[in-house]
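What follows is the residue order along each chain.
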Amino acid sequence: MSAVDLVTMGDEFAEFWQERHLCTLSTVRPDGGPPHVVPVGVTLDLPTGIARVITSGASRKARLIGSEGASVALCQVDGRRWSTLEGRAVVRTEPDEIADAVRRYAERYRQPRENPARVVIEIQVTRVLGNV
């Protein structure tokens with residue numbers, strides 16, 4: 001699937017993804033069991049269509065995505081407003097990518113604690129669902 005042009009989604013969509021909300025990240029388990037769903041902080045870069053999640057490289061979510069990548073879903077809810085982003089996730093370990101993701105996270109949420117094992121889950125958004 002190709003990337004979605006998130007810039008054309010409108011102001012309400014852009015504002016919703018800038019407000020301070022926690023999201024859920026859903027990944028598929030290798031045994032085909034129920035999805036692994038965890039709360040995360042997400043930043044969304046509208047021009048590139050890339051969502052980012054910072055986490056420890058040893059986290060279950062990072063291990064499920066692994067070096068080959070995986071299909072994932074990010075969901076954000078605020079009352080009746082909601083938006084789900086689907087796409088292909090990869091784990092990035094490059095220091096400049098991690099620093100950029102931390103900067104973005106700090107702008108939306110707060111400065112994260114130090115984590116020498118930090119990685120970035122980078123999701124290229126290919127589908128958007130929701131009512132914003």
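Remember, predicted model here, so these are calculated numbers, not experimental data.

Novice: Provide a residue-level description of the nonpolar core, including the pertinent values.
Specialist: Core analysis: the largest hydrophobic core is formed by 24 residues, its most contacted members being L44 and L74. Of all the secondary-structure elements, those providing two or more residues to this core are α1 (11-16), β1 (23-27), β2 (36-40), β4 (50-56), β5 (70-78), β6 (81-92) and β7 (118-130). I54, I98, Y109 and V120 belong to the second largest nonpolar core, which has 7 residues in total.

Novice: Report on the packing of aromatic side chains, specifying residues and quantitative values.
Specialist: Tallying each qualifying case throughout the model produces 2 aromatic pairs. Taking 6.4 Å as the distance between ring centres and 80 degrees as the angle between the ring planes, the aromatic pair formed by F16 and W17 counts as edge-to-face. Like W17, F16 is buried. Relative to Y109, the ring of Y105 has its centre 4.9 Å away and its plane inclined at 35 degrees; by these criteria the two rings are tilted. Both residues of the pair, Y105 and Y109, belong to the buried class.

Novice: Explain the sheet that holds β1 residue by residue, including any values.
Specialist: Consider a sheet: its strands pair through backbone hydrogen bonds, and that pairing is either parallel or antiparallel. In space, the 7 strands of this open sheet follow the order β2-β1-β5-β6-β7-β4-β3, with antiparallel pairing throughout. With one partner strand each, in any of the chains shown, β2 and β3 (43-45) form the two edges of the open sheet. On average, each strand axis in the sheet is inclined to that of its neighbour by 30 degrees, with strand direction left out of account. Strand direction decides the pairing type here: β5 and β6, joined by 9 bridges, are antiparallel. Bridging across to β6, A73 finds its partner in E86. Sitting on the sheet, helix α3 (residues 95-108) is in contact with β3, β4, β5, β6 and β7, with an inclination near 60 degrees to β7.

About the criteria used
- Residues numbered from 1 in each chain as written.
- Predicted model: local features only at pLDDT ≥ 70, side-chain atom pairs only at ≥ 80, totals over all residues.
- Heavy atoms only, no water.
- Core = buried A, V, L, I, M, F, W, Y, C linked by side-chain atoms within 4.5 Å.
- Buried < 20%, exposed > 50% of the residue type's maximum accessible area, 1.4 Å probe, protein only.
- Helix = DSSP H or I, 4+ residues; strand = E, 2+ residues; numbered from the N terminus.
- Phe/Tyr/Trp six-rings, centres within 6.5 Å; stacked < 30°, edge-to-face > 60°.
- Pairing = 2+ DSSP bridges.
- Axes fitted to C-alpha atoms, helices over the stretch in contact; angles between N-to-C directions.
- Contact = heavy atoms within 4.5 Å.

In short, the description is geometric, and any link to function would need to be established separately.
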